[in-house]
Structures are given as structure tokens and as C-alpha cells.
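One letter stands for each residue in the lines below.
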Amino acid sequence: DLPQIGKKASAAYHDLLGLISHEYFHTWNVKRMRPTELHKIDYAKENYTELLWFFEGFTSYYDDVILARTGLITEDQYLNRLSKTLEQVHYSPGRKVQTVAQASFDAWTKYYRIDENTINHTVSYYTKGSLVALCLDLTLRQEGKISLDDVMRDLWQSSKGGPISEQDIAHSLHKLSGRSFQAQLKAWVHSTEELPCLDLLKQQGVKVLEQESSLALSLGLKAKENPNIVITQVLFGSAASKAGFSPQDEWYGVALKNGKQKSQWRLQKIDDLELYASPNKTVQALVARDKRLIELELSIPARQSVAKLSTNNLTQVQQWLLDL
């Protein structure tokens, strides 16, 4: 991922920088400031906490913010990375099943035992936790003259770089802002309600454009496409799920009916589906499963949309992102 001399740094290099930034931030947020439950660790058994949304999620928020503040990425490059995080959370059905606090507590039994169905029953405390941090930061900035930076500093000073609880976080928010944030913590951390990310971003000078998602995402599929299409994940409630697709299915092609005529077409990639299926809205998907060939009736949905972020008011964006 390291850039070559004379060539533009790639998105993969920015991922590497984000990883380094993330682990560096942990020097303060986890290695010193840590959950009360992990103050004294019993290495003979699992140690549980509901606060990974804060310790991993807030670190995930700051890792890219630090890259922007140090000039390693531009404001628009940051917003592009944030767009991907929003997409990851939005297209995870598990966000409607599990709260981010529950995801933190279940890390031992779920997050680190990932399978093809994980996306349907759990949410990442890294990605959703980072969006909780985003919502708190923008809310604090838009309501007054403090930011999440001030809250992090206050927690550091009040804990003396030691253990903290969720009550400590709530207390710091209340003390610095002058009002209670219990309602926000309940909604954003302890429920499966949607986060108000886009509304807050618009108020902070960010332009939100709705763009068509990929066909695979609209179908509710994730797949490997080389050399054959092999389904890796099927999103619950999606068109693919309703059709009966399963992970590890090999999708060979589609069968179409035009009156009494029936034609079959080989698929090399999922995007070919629109080429062969148009104007049909329903096709028979030819799938290999456990060495058997089966047909699944697939209704092709309208393309869904994803949020693409860009700068609308540079001054407002820099006031937030660069903390000017």
C-alpha cells in the first residue's frame, strides 16, 4: 500500500495511514483511559464491557479526522471516506437488530466469530461507534462553542488517564454543554434508531448527493466475481434474500421468457444482469448449490441510493474538521 515515488497516493495508502492513526490514538484512548470493567483484567476469562462503541468507535472517528487535521488527506478525501462508513452501516441489516452497546458486550461471542450471516444480526461498534462520535461532535459544535475534543480532554483530566464509565461520559457531556445528553445516548447507543448523520452534516456545510448504488448492493448481495460469481453474503430482507440466494451459491446465469420463447444467458459479472434482463423485471437465476443446479425467481428492484458527501461551505467544514 505504500506509494511509489512520482505516483499519487492511493486510497489503500490512506487506509494504512488511518490504521496507524487509529493505533496511535489508542495510546491515550484504551491503553490509558479505558473501560472501568477493564481496569483490572482477569486474564483467565473473558472480560466484558458495553463501551467498545466509545473506545473503538470514537478512536475510529478520530483516526481519519487526525489525517485531515495534519494535512495528510484533504477535506473532500475525508468526506469520501466518511461516505463509505455511512454506506457500510446503512447496508448492514444487523443495525436494526442489535444496539451498538450490545455489539460491544457481544464482541467475544459474535464480532470475532464472523461468518456469512454476521452482517444480518450484528452491527460493528467500530463503524457505528464512529458515527455516534460524529453525531455528538456536530451536535456539540452546532449548539455551542464546545466540541467532542473538549469532552475527550475533560474525560482524560477527570479520570487522570484511567478507567471511565458511561456515566462519566454522560457527566462530561452535561458539564461542558450545559444540558443532558441522556436522550441522545439512549437513542444512539442503546436503541436501533437511525442516527441523524446526514441532517447534521448538511447543517455543517456538507453537500449530500444521492447516487445510485451498485446493482449487487441493490439486489442485497456481496460476491466474488473472478472467475465465477460466488455469493459471499445475502442481506436479510433484500431481493436476493426473498429469491432464496444463499452464501456459497455459484451464480452461473439467467433464464428469460419472452412469450413462448425461453433464452438462457451466462453471467460473467453481476452488472451483466441488467444487460440481459432488460426490460424484464423478473428472471430465473441459474445457481449451483451443493453440486445441484437450481432456478431461483429473482425480482430485480430499482437501484437503491448511497450518500455521496462533498464540501458545500468550506468555512463550516473546516471549522468542524480542522477545528479552526
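None of these values were measured; they are calculated from a predicted model.

Observations concerning the layout of surface pockets
- Its volume calculated, the largest pocket comes out at about 560 Å³.
- Mapped onto the lining of the largest pocket, the elements with two or more residues apiece are helix 1 (11-25), helix 3 (57-69), helix 4 (75-90) and helix 8 (127-143).
- Among the elements that take part in the lining of the largest pocket, helix 4 stands out by supplying six residues, more than any other.
- Here the residues of the lining of the largest pocket are counted per class, giving seven nonpolar, eight polar and six charged.

Quick look at the pattern of salt bridges
- Going through the model one piece at a time under the given rule, you end up with 15 salt bridges.
- By sharing partners, the salt bridges in this structure join R69, D137, R141, D149 and D323 into a single network.

Let's talk about the nonpolar core
- In this structure, W53, F54, Y78, L82 and W320 are the most contacted members of the largest nonpolar core, which totals 60 residues.
- When residues of this core are assigned to their parent elements, the largest contribution, eight residues, is made by helix 8.
- Look past the residues within four positions of F54 in its chain and what remains in contact with it is N29, M33, T59, M152, L155, I164 and I169.
- If you look at the next biggest cluster of nonpolar residues, it comprises 25 residues, including L221, W251, L267 and V287.

Quick look at unusual backbone geometry
- In this model, N226 is joined to P227 through a cis peptide bond whose omega is -5 degrees.
- Positionally, P227 belongs in the loop between strand 4 (221-224) and strand 5 (229-234).
- For V30, which is not glycine, the phi dihedral falls at a positive 140 degrees.
- Within the secondary structure, V30 sits in the loop between helix 1 and strand 1 (34-35).
- Even without a glycine there, the phi angle at K160 is positive, about 55 degrees.
- Checked against the element boundaries, K160 lands in the loop between helix 9 (148-159) and strand 2 (163-164).
- Judged by relative accessible area, K160 falls into the exposed class, the value being 70%.

Quick look at the state of the cysteines
- Following the criterion strictly, the structure yields zero disulfides and no others.
- Its sulfur unpaired, C135 is 3.6 Å from the next cysteine sulfur, which belongs to C197.
- Under the relative-accessibility criterion, C135 is labelled buried at 0%.

What to know about the packing of aromatic side chains
- Counted under the stated rule, the structure contains 15 aromatic pairs.
- With a centroid separation of 4.8 Å and 40 degrees between ring planes, the pair formed by Y111 and Y125 is classed as tilted. Of the two residues, Y111 is situated in helix 6 (residues 107-111) and Y125 in the loop between helix 7 (118-121) and helix 8; the sequence distance between them amounts to 14 residues. The residues Y111 and Y125 share a single accessibility class, namely buried.
- Among the aromatic residues, those joined into a cluster by ring pairs are W53, F54, F55 and F58.
- Sitting over the ring of F181, R179 keeps its end group 3.9 Å from the ring centre.

Describing helix 8
- Across its 17 residues, helix 8 extends 24 Å between first and last C-alpha, which sits within 8% of the 24 Å expected from 1.5 Å per residue.
- Across the 17 residues of helix 8, 15 count as buried, placing the element largely inside the fold.

Concerning helix 3
- Taking 1.5 Å of rise per residue, 13 residues should cover 18 Å, and helix 3 covers 19 Å from first to last C-alpha, within 8% of that figure.
- Of all 13 residues that make up helix 3, 11 are buried, and the element is covered over most of its length.
- Where helix 3 is concerned, the buried positions are G57, F58, T59, S60, Y61, Y62, D63, D64, V65, L67 and A68.
- Contacts from the buried residues of helix 3 go to helix 1, helix 2 (52-55), helix 4, helix 8, helix 9 and helix 16 (314-321).
- Following helix 3 by one or two positions, G71 adopts a phi angle in the positive range, close to 80 degrees.

Quick look at the packing of helix 3 against helix 8
- Between helix 3 and helix 8, the shortest axis-to-axis distance is 6 Å and the interhelical angle comes to 65 degrees. Viewed along their axes, helix 3 and helix 8 form a crossing whose handedness is right-handed. In contact with G57, F58, S60, Y61 and R69 of helix 3, helix 8 contributes G129, S130, V132, A133, L134, L136, D137 and R141.
- A per-class count over the contact of helix 3 with helix 8 returns six nonpolar, four polar and three charged.

Observations regarding a nonpolar patch on the surface
- A cluster of nonpolar side chains, Y48, F105 and W108, forms an exposed patch at the surface whose accessible area comes to about 290 Å².
- When you line up the elements, W108 lands in helix 6.
- Given the relative accessible area of 43%, W108 is considered partly exposed.

Here is what the cut-offs are and how they apply
Residues numbered from 1 in each chain as written. Predicted model: local features only at pLDDT ≥ 70, side-chain atom pairs only at ≥ 80, totals over all residues. Heavy atoms only, no water. 1 Å grid on protein atoms, 1.4 Å probe; cavity = no way out; pocket = protein on both sides within 12 Å on 5 of 7 lines; lining within 4 Å. Points joined across faces, edges and corners; volume = space filled by probe spheres on them. Helix = DSSP H or I, 4+ residues; strand = E, 2+ residues; numbered from the N terminus. Nonpolar A, V, L, I, M, F, W, Y, C, P; charged D, E, K, R; others polar. Salt bridge = Lys/Arg side-chain N within 4 Å of Asp/Glu carboxyl O. Core = buried A, V, L, I, M, F, W, Y, C linked by side-chain atoms within 4.5 Å. Buried < 20%, exposed > 50% of the residue type's maximum accessible area, 1.4 Å probe, protein only. Contact = heavy atoms within 4.5 Å. Disulfide = S-S within 2.5 Å. Phe/Tyr/Trp six-rings, centres within 6.5 Å; stacked < 30°, edge-to-face > 60°. Lys NZ or Arg CZ within 6 Å of the ring centre and 35° of its normal. Expected span 1.5 Å × (residues − 1). Axes fitted to C-alpha atoms, helices over the stretch in contact; angles between N-to-C directions. Left-handed = near helix turned anticlockwise from the far one by under 90°. Patch = residues over 30% accessible without salt bridge, like charges linked within 9 Å, V, L, I, M, F, W, Y side chains within 5 Å. Areas by Shrake-Rupley, 256 points an atom, 1.4 Å probe, with all protein chains shown as cover.

By themselves, these figures tell us nothing about what the structure is for.
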